[in-house]
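# Inside the fold
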Amino acid sequence: MDVEKKNSGCTQPESCVEPTGSKEEQLSLISWNIDGLDGDEQPERARSLCSYLTEYSADVVLLQEMVQAYMRFMHRRLGDAYNFIEGGQDGYFTMMLLKKSRLRLLDHHILNFSKSRMTRNLLVAQVEFEGQKLSLMTSHFESCKANSAERMRQLRLVMKAMSQAPDDQTVLFGGDTNLRDHEVAAVGLPGNVVDLWEQLGEPEKCRYTWDTRANTNNEIKFKCQFRFDRVYLRRASGDGVLQLEPRSMALIGLEKLRCGLFTSDHWGIYSTFSVTRT
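This one's a predicted model, so the numbers in the text were calculated from it and none came from an experiment.

## Here we look at the pattern of salt bridges
- For the structure shown, the criterion picks out 10 salt bridges.
- Between Arg207 and Glu204 there is a salt bridge, with its nearest N and O atoms 3.0 Å apart.
- Residues participating in the shared-partner salt-bridge network are Asp181, Asp195, Arg227 and Arg230.

Laid out in structure tokens, this is it:
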């Protein structure tokens, strides 16, 4: 991956909390809006995306703003290692990659957001990990400040879906929520759902995933910083169930490419969870 180092305020793609233990004792996840709609320097940016995914080798990859050209390229590069699950076919859509050696896909479905004007939805997959079922979810919530009401409606639907999953299943959601903090406060999270960034002590260097001060892809004149991309966890309950505990978090995609752009206008989130049984 040909890159040029860039000081972004989260200066290294390193963990905000250092992971410990072996690969077999953890589950790793990447969530990233890859900005496939941007046609500028797509070949180099697509190669960079695949290089990141190969380097981090996450068990679960949750992507937003996927397009067909990116998907075809990724199939060629990553198809041997991952199962691909698409949240749509036309325009742009979400997609999951599940590592074949670690996760077995049991089922998946799409929940459409009926009032979305941007054809947004929730992609849900049931998988088996270490002999137990997990529920994985990703979404790209309604964009733009003016669509706050619909975005909060989508958050409520996701929280309901997470809360209503079987008690003995861990549920992980990762996606581009476009949420502002006041919107989350207005909706509120269920008592059994936690925000990964908050659980890890709100590390400042991992706060902003959409940062036009550091990321110059869109050449936006006004400078702003938002935590649009979020990871939520609902722990399983019951005797002998598999438990995931937040272990680390890092922002990735911070290196500027030779073409002068970053891989995406969003930073990606790389997170790890320790695996135990009650």
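## Details of the packing of helix H1 (residues 42-56) against helix H2 (residues 68-78)
- Contact pair H1 / H2: the axes reach a minimum separation of 10 Å and the direction vectors enclose 40 degrees. What the angle tells us is that H1 and H2 run oblique. Considering the relative orientation of H1 and H2, their crossing is right-handed. Contacts between H1 and H2 involve Gln42, Arg45, Ala46, Arg47, Leu49, Cys50, Leu53 and Thr54 from the former and Ala69, Tyr70, Phe73, Met74, Arg77 and Leu78 from the latter.
- A breakdown of the residues in the contact of H1 with H2 according to their chemical character gives 9 nonpolar, 2 polar and 3 charged.

## Describing the sheet that holds strand S14 (residues 242-252)
- On the basis of which strands lie adjacent, the open sheet formed by 6 strands has the order S4-S5-S3-S2-S16-S14 and mixed pairing. In the strand order of this sheet, the two ends are held by strand S4 (82-86) and S14, each with one partner. For this sheet, the mean angle separating the axes of adjacent strands, direction not counted, is 20 degrees.
- Relative to strand S5 (residues 93-99), S4 runs antiparallel, the two being bridged by 5 bridges. In the strand pairing of S5, Asn83 is matched with Leu98.

## Brief notes about the side chain of Asn178
- Following the sequence through the fold, Asn178 ends up in the loop between strand S9 (170-176) and helix H4 (181-187).
- With relative accessibility at 6%, the residue Asn178 sits in the buried group.
- Non-local contacts of Asn178, meaning those with residues more than four positions away in its chain, are made with Arg120, His140, Phe141, Glu142, Ser143, Arg151, Glu183 and Phe228.

## Here's the deal with H2
- When H2 is considered as a whole, its buried residues turn out to be Tyr70, Met71, Phe73, Met74 and Leu78. Seen end-on, H2 carries its buried residues on one side only, within an arc spanning 165 degrees.
- Contact partners of the buried residues in H2: H1, strand S3 (60-66), S4 and S5.

## Observations concerning the packing of aromatic side chains
- One pass over the structure, following the stated rule, counts 8 aromatic pairs.
- Ring geometry for Tyr56 versus Tyr270: centroids 4.8 Å apart, planes at 50 degrees, classification tilted. Of the two residues, Tyr56 is situated in helix H1 and Tyr270 in strand S16 (residues 268-277); the sequence distance between them amounts to 214 residues. The two residues Tyr56 and Tyr270 agree in class, both being buried.
- Taken together, the aromatic side chains of Phe113, Phe141, Phe173 and Tyr232 make up a single cluster linked through ring pairs.
- Residue placement shows Arg180 over the ring face of Phe226; its charged tip is 5.1 Å from the ring centre.

## Some thoughts on the side chain of Arg102
- Looking at the secondary structure, you find Arg102 in the loop between S5 and strand S6 (104-112).
- A distance of 2.9 Å separates a polar atom in the side chain of Arg102 from a polar atom in the side chain of Asp59.

## Some points on a positive patch on the surface
- Together, Arg47, Arg72, Arg76 and Arg77 give the surface a local cluster of positive charge.
- No other element matches the 3 residues that H2 contributes to the positive patch.
- Looking at where Arg72 falls in the secondary structure, it is placed in helix H2.
- The class of Arg72 is partly exposed, set by a relative accessible area of 48%.

## Looking at the environment of Arg45
- Looking at where Arg45 falls in the secondary structure, it is placed in helix H1.
- Considering only alpha carbons, one finds Arg45 and Gly240, 195 residues apart in sequence, at a separation of 43 Å.
- In this structure, Arg45 is in contact with Ile34, Asp35, Asp38, Asp40, Tyr70, Leu257, Leu261, Phe262 and Thr263, ignoring residues within four places of it in sequence.
- A polar contact is formed between the side chain of Arg45 and the backbone oxygen of Ile34, at a distance of 3.3 Å.

Conventions we followed
- Residues numbered from 1 in each chain as written.
- Predicted model: local features only at pLDDT ≥ 70, side-chain atom pairs only at ≥ 80, totals over all residues.
- Heavy atoms only, no water.
- Salt bridge = Lys/Arg side-chain N within 4 Å of Asp/Glu carboxyl O.
- Axes fitted to C-alpha atoms, helices over the stretch in contact; angles between N-to-C directions.
- Helix = DSSP H or I, 4+ residues; strand = E, 2+ residues; numbered from the N terminus.
- Parallel < 35°, antiparallel > 145°, perpendicular 65-115°, else oblique.
- Left-handed = near helix turned anticlockwise from the far one by under 90°.
- Contact = heavy atoms within 4.5 Å.
- Nonpolar A, V, L, I, M, F, W, Y, C, P; charged D, E, K, R; others polar.
- Pairing = 2+ DSSP bridges.
- Buried < 20%, exposed > 50% of the residue type's maximum accessible area, 1.4 Å probe, protein only.
- Arc of directions from axis to C-beta.
- Phe/Tyr/Trp six-rings, centres within 6.5 Å; stacked < 30°, edge-to-face > 60°.
- Lys NZ or Arg CZ within 6 Å of the ring centre and 35° of its normal.
- Polar contact = N/O pair within 3.5 Å; in protein donor to acceptor, adjacent residues only side chain to side chain.
- Patch = residues over 30% accessible without salt bridge, like charges linked within 9 Å, V, L, I, M, F, W, Y side chains within 5 Å.
- Areas by Shrake-Rupley, 256 points an atom, 1.4 Å probe, with all protein chains shown as cover.
- Lys, Arg positive; Asp, Glu negative; His and termini not counted.
- Charge placed at Lys NZ, Arg CZ, Asp CG, Glu CD.

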